[in-house]
Every structure is written in structure tokens, then in C-alpha cells.
Amino acid sequence: MGMNPLVLLLLLLPVLEIAVMIQVGTWIGAGPTVLLIVAAFFAGSLLLRHQGLATLRRAQETLERGELPVGAVFQGFCVVAGAILLMIPGFLTDVVALLLLLPFPRDALGRWLLNRLRAAGSLKVWTNGTPGGPAGTTRTGQVIDVEYTEVAADAPRLEESRWGADGDKGPDRRP
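Residues numbered from 1 in each chain as written. Predicted model: local features only at pLDDT ≥ 70, side-chain atom pairs only at ≥ 80, totals over all residues. Heavy atoms only, no water.

Topic: the overall build of the protein
Then comes step 1: Check the secondary structure of the protein and you find five helices and two strands.
Then comes step 2: When its helices and strands are written in sequence order, the protein yields α-α-α-α-α-β-β.
Then comes step 3: Of all 175 residues assigned to the protein, the portion counted as buried reaches 20%.
Then comes step 4: A separation threshold of at least 6 residues defines the contact pool for the protein, and within that pool the share at least 24 residues apart is 48%.
Then comes step 5: Accessible surface, the protein: about 13,800 Å² in total, of which carbon and sulfur atoms supply 67%. (Helix = DSSP H or I, 4+ residues; strand = E, 2+ residues; numbered from the N terminus. Buried < 20%, exposed > 50% of the residue type's maximum accessible area, 1.4 Å probe, protein only. Contact = heavy atoms within 4.5 Å. Areas by Shrake-Rupley, 256 points an atom, 1.4 Å probe, with all protein chains shown as cover.)

Some thoughts on a nonpolar patch on the surface
Then comes step 1: On the surface, Met3, Val7, Leu8, Leu11, Leu12, Leu16 and Leu92 cluster together into a nonpolar patch covering about 600 Å² of accessible area.
Then comes step 2: With five residues, helix 1 (residues 5–28) is the single largest residue contributor to the nonpolar patch.
Then comes step 3: Among the structural elements, leucine 8 can be located in helix 1.
Then comes step 4: Relative accessible area serves as the criterion here: at 39%, leucine 8 is assigned to the partly exposed category. (Patch = residues over 30% accessible without salt bridge, like charges linked within 9 Å, V, L, I, M, F, W, Y side chains within 5 Å. Salt bridge = Lys/Arg side-chain N within 4 Å of Asp/Glu carboxyl O.)

Description of the side chain of threonine 33
Then comes step 1: Within the element layout of this structure, threonine 33 appears in helix 2 (residues 30–64).
Then comes step 2: From its side chain, threonine 33 meets the backbone oxygen of glycine 29 in a polar contact 2.7 Å long.
Then comes step 3: The contacts of threonine 33, once residues within four sequence positions are left out, are Met21, Val24, Gly25, Ile28 and Phe91. (Polar contact = N/O pair within 3.5 Å; in protein donor to acceptor, adjacent residues only side chain to side chain.)

Considerations on the confidence of the model for the protein
Then comes step 1: Taken residue by residue, the protein gives an average pLDDT of 79. The fraction at 70 or more is 75%.
Then comes step 2: The secondary-structure element of the protein with the lowest mean pLDDT is strand 2 (residues 130–131), recorded at 48, while helix 4 (residues 92–101) shows the highest, at 95. (pLDDT = per-residue confidence, 0-100.)

Looking at the packing of aromatic side chains
Then comes step 1: As enumerated under the stated definition, the model contains one aromatic pair in all.
Then comes step 2: Taken together, a centroid distance of 5.6 Å and an interplanar angle of 80° make the contact between phenylalanine 41 and phenylalanine 42 edge-to-face.
Then comes step 3: Overall, phenylalanine 41 belongs to the partly exposed group, its relative accessible area being 35%. (Phe/Tyr/Trp six-rings, centres within 6.5 Å; stacked < 30°, edge-to-face > 60°.)

Topic: the side chain of threonine 62
Then comes step 1: Residue placement: threonine 62 occurs in helix 2.
Then comes step 2: A distance of 2.8 Å separates a polar side-chain atom of threonine 62 from the backbone oxygen of arginine 58.
Then comes step 3: Non-local contacts of threonine 62, meaning those with residues more than four positions away in its chain, are made with Glu67, Leu68, Pro69 and Ala72.

Considering the packing of helix 1 against helix 2
Then comes step 1: Two numbers describe how helix 1 lies on helix 2: the axes approach to 7 Å, and their chain directions differ by 125°. Relative to helix 2, the element helix 1 lies oblique. Within the contact between the two elements, helix 1 uses Met21, Val24, Gly25 and Ile28 and helix 2 uses Ala30, Pro32, Thr33, Leu36 and Ile37.
Then comes step 2: Across the contact of helix 1 with helix 2, the residue classes break down as seven nonpolar, two polar and no charged. (Axes fitted to C-alpha atoms, helices over the stretch in contact; angles between N-to-C directions. Parallel < 35°, antiparallel > 145°, perpendicular 65-115°, else oblique. Nonpolar A, V, L, I, M, F, W, Y, C, P; charged D, E, K, R; others polar.)

Now the structure itself:
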């Protein structure tokens, strides 16, 4: 019976982190090692607080331009994951966090994931309930421009329509 790789990672990661902390402690001393871990925690918490809101703003701006915010959401996810990894005590998670926070490795990861999704055939984009097409397109591609006036529900109704009381459709007799 084999072990799930995720379970194995969850078991080995703390052991590896402790071993690395002990090694770093022998190189630079216990005090500086603890200070580095505490500093990484506070850097991660500040980054999480500030970048989380900035990511939401970028995604909203992308949506307002009529584009899908896939890039903004992916970058935001990487920044949030990196910030959380910085908050976890240890140096191995800090290295992975830095890879997620630096633009070049993060962009390379995004391209790699996109290529994997394309190759697997599991990349589908849906906009307005229809597959494909740029954001903001409709099922028929037609745009209907109308003018309207809101009427209160309790407003008095006119006895006659604007076409006349007998149902006459007016001079041009449109249906």
C-alpha cells in the first residue's frame, strides 16, 4: 500500500524545516535564526493584508474593461500563497514563497500551467453563459440599445395605450 504524496509532504516538511533551521542556527546563531523567522512572519502578514486588497482592485479593473481577470487572479493567488508561506516558520517555505512573489518565476509558472491546461484539453472559457468569445459578448452577438423610464409599482395606469383605445397600432400599423 503506497502513501499519498500530499500526506508524505505534510509529514516530511516539518522535519525538513526543523533540520534546515538547526543548520542555519549553527551557521549564524540561534538569535539571528529566530529573528529571521519572526521577520518573515511579519513580512508575510503585511504582504497578505496589502496585496490581497490590491489584487481585488486589479481584478475588478480588468472586469470593468470587459476582460477576463485570469492573469490578475493568478498573480493574486501567487502573492497570497507566497505571503502565507512566509508566515509559516521555516526557510524552505520561505524559498518557495520568494519564487511565488518574484515576477519572473511567477510568470514562468503561469505560462507552464496554462500550457499544461491547453495540452490536457481542460481549458474552457465561458462568458455570459456561452462558450468562447471575448468577455462581454452575447449569445447572438447583437447589441440592443434601449431607453427606459422606471415607473413606480403604485403609479396610476393609463386607461388607453399610446396606440389608442381600440388597439389600433397607430398610423404605420406596426405589430
